[in-house]
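Given next are the chains, with one letter for each unit.
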Amino acid sequence: MRRDLCDGVGIARLLNATLVLPKFEVAAYWNESSGFTDVFDVDYFIQQLNGFIEVAIELPPEIASKQPYRVNCSKRKGHFDYIESVLPSLLEHRFISITPAMSQRRDRYPQYAKVALCQACYNALRLTRSLEKKASELLEAIPKPFLSLHLRFEPDMVAYSQCEYTNLSPASIKAIDEARGDRKPWTGELAHIWRKRGKCPLTPNETAFILQALSIPTNTNIYLAAGDGLMEIEGLTSIYANVFTKSSLLSGEDFKSMHGNTKAALDYYVSINSDSYMATYFGNMDKMVAAMRAFKGLYKTLFLSRKAFAEFTSQSLTEKELMQALWNAHRDDFIMGRGSALPDCFCEYKL
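The following paragraphs examine the structure supplied in this document. The model shown is predicted, which means the values in this text are computed figures rather than measured ones. Counting starts from 1 at the beginning of each chain's written sequence and moves along it residue by residue. Side-chain atom pairs in this predicted model are given and counted only at pLDDT of 80 or more, local residue features only at pLDDT of at least 70, and totals for whole chains, interfaces and linings cover all residues. Side-chain calculation: all heavy atoms of the structure are included, whereas hydrogens and water are not.

Secondary structure elements follow DSSP: runs of H or I no shorter than four residues count as helices, runs of E no shorter than two count as strands, and numbering proceeds from the N terminus. Scanning the chain for helices and strands turns up 18 helices and nine strands. For every residue, the accessible area (1.4 Å probe, protein chains only) is compared with the maximum for its type, and the residue is labelled buried under 20%, exposed over 50%, or partly exposed between those bounds. Every one of the 351 residues in the chain was classed for burial, and the buried ones make up 49%. Only the protein chains shown count as cover for residues, and the accessible areas themselves come from Shrake-Rupley with a 1.4 Å probe. Accessible surface computed for the chain: about 18,500 Å², of which carbon and sulfur atoms make up 50%.

Cis geometry marks the peptide bond from Lys144 to Pro145; its omega dihedral reads -15°. In this fold, Pro145 is placed in the loop between α7 (129-141) and β5 (146-150). If you check the backbone angles, Glu232 has positive phi at about 60° while not being a glycine. Within the secondary structure layout, Glu232 lies in the loop between β6 (221-225) and α12 (234-237). The exposure class assigned to Glu232 is buried, which follows from its relative accessible area of 19%. Positive phi values are uncommon outside glycine, yet Ser316 reaches one of about 55°. Tracing the backbone shows Ser316 in the loop between α17 (306-313) and α18 (319-333).

Each aromatic ring pair is described using two quantities: the centre-to-centre distance and the angle formed by the ring planes. Only centres within 6.5 Å qualify two rings of Phe, Tyr or Trp (six-membered ring in Trp) as a pair; their planes then separate them into stacked at under 30 degrees, edge-to-face at over 60, and tilted for everything else. As enumerated under the stated definition, the model contains six aromatic pairs in all. On the basis of an interplanar angle of 85° and a centroid distance of 5.2 Å, the ring pair of Phe153 and Tyr165 is categorised as edge-to-face. Of this pair, Phe153 sits in the loop between β5 and α8 (155-161) while Tyr165 sits in the loop between α8 and α9 (170-180), placing them twelve residues apart in sequence. Each member of the pair Phe153 and Tyr165 is classed as buried. Measuring from ring centre to ring centre gives 4.6 Å for Phe282 and Phe303, while their planes differ by 75°; the resulting arrangement is edge-to-face. Of this pair, Phe282 sits in the loop between β8 (276-279) and α16 (284-295) while Phe303 is found in strand β9 (residues 301-303), placing the two residues 21 residues apart along the sequence. Here the aromatic residues Phe36, Phe40 and Phe45 are joined through ring pairs into a cluster of three or more. Placement of a charge over a ring requires the Lys NZ or Arg CZ to be within 6 Å of the ring centre, with the centre-to-atom vector within 35 degrees of the ring normal. Above the plane of the ring of Tyr44 lies Arg126, whose end atom (NZ or CZ) is 3.7 Å from the centre.

Let us look at α16. Given the number of residues in a helix, its expected span is that number minus one, multiplied by 1.5 Å. The first and last C-alpha atoms of α16 sit 16 Å apart over twelve residues, in line with the 16 Å expected at 1.5 Å per residue. Buried residues of α16: Asp286, Met288, Val289, Ala290, Ala291, Met292, Arg293 and Ala294, and no others. Two residues or fewer after α16 comes Gly297, characterised by a positive phi angle close to 80°.

Glancing now at the state of the cysteines. Linking two cysteines covalently through their sulfur atoms gives a disulfide. The disulfide criterion used throughout: a pair of cysteine sulfur atoms within 2.5 Å. The full count for this structure, using the stated rule, is two disulfides. Disulfide pairing places Cys6 opposite Cys121 at an S-S distance of 2.3 Å. In this pair, Cys6 is assigned in helix α1 (residues 2-14) and Cys121 in helix α6 (residues 111-124), connecting sequence segments 115 residues apart. Across the pair, exposure class does not vary: Cys6 and Cys121 are buried alike. Bridging Cys163 to Cys200, the disulfide has an S-S length of 2.1 Å. Note on the Cys163 and Cys200 pair: the S-S dihedral is about -90°, so by sign convention the disulfide is left-handed. With Cys163 in the loop between α8 and α9 and Cys200 in the loop between α10 (188-196) and α11 (204-213), the pair connects residues that are 37 residues apart, well separated along the chain. Owing to a relative accessible area of 2%, Cys163 belongs among the buried residues under this scheme. Looking at Cys200, the relative accessible area reads 6%, which means it is buried.

Bringing the sheet that holds β6 into the picture now. Strands were regarded as paired on the criterion that DSSP finds at least two bridges between them. One open sheet holds the five strands; their spatial order is β7-β6-β5-β8-β9, and the pairing between them is parallel. Across the chains shown, the open sheet's two edge strands, defined by having one partner strand only, are β7 (243-244) and β9. Relative to β7, β6 runs parallel, the two being bridged by two bridges. Bridged to Tyr223 within β7 is Phe244. Contacts are residue-level and defined by heavy atoms, with any inter-residue pair within 4.5 Å sufficient. Convention adopted: a line fitted to C-alpha atoms gives each axis, helices being fitted over their contacting stretch, and angles between N-to-C directions are expressed from 0 to 180 degrees. Each of β5, β8 and β9 is contacted by α16, which is oriented at about 155° to β8, the strand it contacts most.

Written as structure tokens, this is what we have:
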């Protein structure tokens, strides 16, 4: 959501358009109906973007009853596509709806559009006061110092990866099979090639092994930034006992009343303020967290390498050799600041 919102601001500036307060598509993230105002501080958002773009909370009466003209940006790249392909539709219909392109090249934006995008990403998006208060309470409740670990091993994630796993519990296998649908796992040599490309999510047990290889003490306080439905968690907690979750730190009533959006917002808040951050995947959450941590000068950020783990575990190494190889691979990958996400925002001038 943050990525799409940042891109939306950049595109609005690029097209010299007014941005209508965004609405979340229910099916795009979680099957729930929370909106922009449930997660983000609207007044602050508008105030911080003053001078960058115009933001409208509601549509003018003359077009409020109309449906926006939808523009497909799924294959658009760079500002030339937006200006040459999207701007004509905006000028013709005056009211359009877009979903920012996943593959767009922000580095091709002119400077004024980059500045608007960066302002949105780093300054304009603040949680609502009530949600930030809850996030602050959660952060305070976690024993210090602590590592925030974004672990992805949910049934839909594994099913989407098309990877096959051995030694999973019957419950996990059943959940994955139910989530697969028509997306069948790779088999034989193709499965081996797919895994060596780093396409397979790390299991909690594999994650624990890498943490040990990196000399992370087993008594480390770990906050688990993860969604509902995480499988095989015992593979981590049997080795790292001091694992804390939202559900273990928040009261039952508080937790039950939260939507997926607000739970994710708590994970984001804790992760950008943690002593260190590690992720088993390089998804949108991880890119945004890494970028904000770099912006705040918090450089203890690391993405665990699925590719390195697959490569080294296929070489029949001893446990000691495997741990040393993983240590060497991650030492070179350790992020020391700028450029892990939205590198154009790290400019010589101040926003």
